[in-house]
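Here are the chains, one letter per residue:
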Amino acid sequence: MAIRNIREIGDPVLEKVCKEVKEVTPRIQELISDMYDTLYEANGVGLAASQVGVLKQIVVIDTTGEDPILLINPKIIETSGEQTGYEGCLSVPGKTATVTRPNYVKIVAYNENMEPFELEGTELLARAILHELDHLQGHLYVEKAEGPLQDVEEVEEET
Ligand code: NI
């Protein structure tokens, strides 16, 4: 088990485009394992490799704490609908803002054996997938925020 350091907003690595994974080497297997450890330690919903300083197209997501999803080289096939809600990011600690995104997404990605699979998500899962795929392109949710960033604690008191 290894927790990696999560890069925070302002770190240039978060603005870089991640490269495709060609092969899942032992080093990449270790990275994936560490990304899960780091995600769960931080109580996050998703983590992209660039957030731990590695510019590869790898994402881990778990919206329930019991449903880990690994996405290697993910690509969007289809989106539809719209949802507006609060969003946060482990690279922007303590902050939240309202972001509008599609309510449905369908992607294709590769698993740890580099076998392709399709995944559909709605609501929180769609939001998490789209948020993490933005990271792989060097984008943070704050670019899409409607209105100012708020402190998470203040928003939790309001709701
Ligand atoms: Ni994020």
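A few points on the structure. Predicted model only: the values in this text are computed from it and were never measured. (Residues numbered from 1 in each chain as written. Predicted model: local features only at pLDDT ≥ 70, side-chain atom pairs only at ≥ 80, totals over all residues. Heavy atoms only, no water.)

### Some thoughts on the coordination of the nickel ion
Six octahedral donors around a metal ideally subtend angles of 90 or 180 degrees, whereas four tetrahedral donors ideally subtend 109.5 degrees.
And then number 1: Here the nickel ion is held by the protein donor atoms C89 (SG), H131 (NE2) and H135 (NE2), which lie 2.0 to 2.3 Å from it.
And then number 2: Every donor residue of the nickel ion comes from the same chain, spaced as C-x41-H-x3-H. With C89 in the loop between β4 (83-87) and β5 (95-101) and H135 in helix α2 (residues 123-136), this residue pair connects regions lying 46 residues apart in the sequence. One exposure class covers both C89 and H135, and it is buried. (Donors = N, O, S within 2.8 Å, 3.2 Å for Na, K, Ca; no water. Helix = DSSP H or I, 4+ residues; strand = E, 2+ residues; numbered from the N terminus. Buried < 20%, exposed > 50% of the residue type's maximum accessible area, 1.4 Å probe, protein only.)

### Considering the environment of R127
And then number 1: With respect to the element layout, R127 can be found in helix α2.
And then number 2: In this structure R127 comes out as buried when scored by relative accessible area, which is 7%.
And then number 3: In this structure, the C-alpha to C-alpha distance between R127 and E146, residues 19 residues apart in sequence, is 15 Å.
And then number 4: Excluding residues that lie within four positions of it along the chain, R127 makes contacts with Q83, T84, G85, Y86, E87, V99 and R101. (Contact = heavy atoms within 4.5 Å.)

### Remarks on the state of the cysteines
And then number 1: In this structure the tally under the stated criterion is zero disulfides.
And then number 2: Summary of cysteine pairing: C18 is not part of a disulfide, and the nearest cysteine sulfur, belonging to C89, is at 13 Å. (Disulfide = S-S within 2.5 Å.)

### With respect to helix α1 (residues 26-41)
And then number 1: Compared with an ideal rise of 1.5 Å per residue, which puts 16 residues at 22 Å, α1 spans 22 Å between its outermost C-alpha atoms and is within 8% of the ideal.
And then number 2: Where α1 is buried, its residues contact β1 (46-48), β2 (58-61) and β3 (69-80).
And then number 3: Positive phi appears at N43, one or two residues downstream of α1, with a value of about 55 degrees. (Expected span 1.5 Å × (residues − 1).)

### Description of the packing of aromatic side chains
And then number 1: If you walk through the whole model with that rule in mind, you get one aromatic pair.
And then number 2: When the ring of Y36 is compared with that of Y40, the centres are 6.1 Å apart and the planes differ by 15 degrees; the resulting orientation is stacked. Within this pair, Y36 and its partner Y40 are both found in helix α1, separated by four residues, close to a single helical turn.
And then number 3: Residue classification places Y36 among the buried residues on the basis of a relative accessible area of 17%. (Phe/Tyr/Trp six-rings, centres within 6.5 Å; stacked < 30°, edge-to-face > 60°.)

### Description of α2
And then number 1: Over its 14 residues, α2 runs 20 Å from end to end, which matches the ideal 20 Å to within 8%, given 1.5 Å per residue.
And then number 2: Most of α2 sits out of view: twelve of its 14 residues are buried.
And then number 3: Of the positions making up α2, those classed as buried are L125, A126, R127, A128, I129, L130, H131, E132, L133, D134, H135 and L136.
And then number 4: One or two positions beyond α2, positive phi appears at G138, with a value near 85 degrees.

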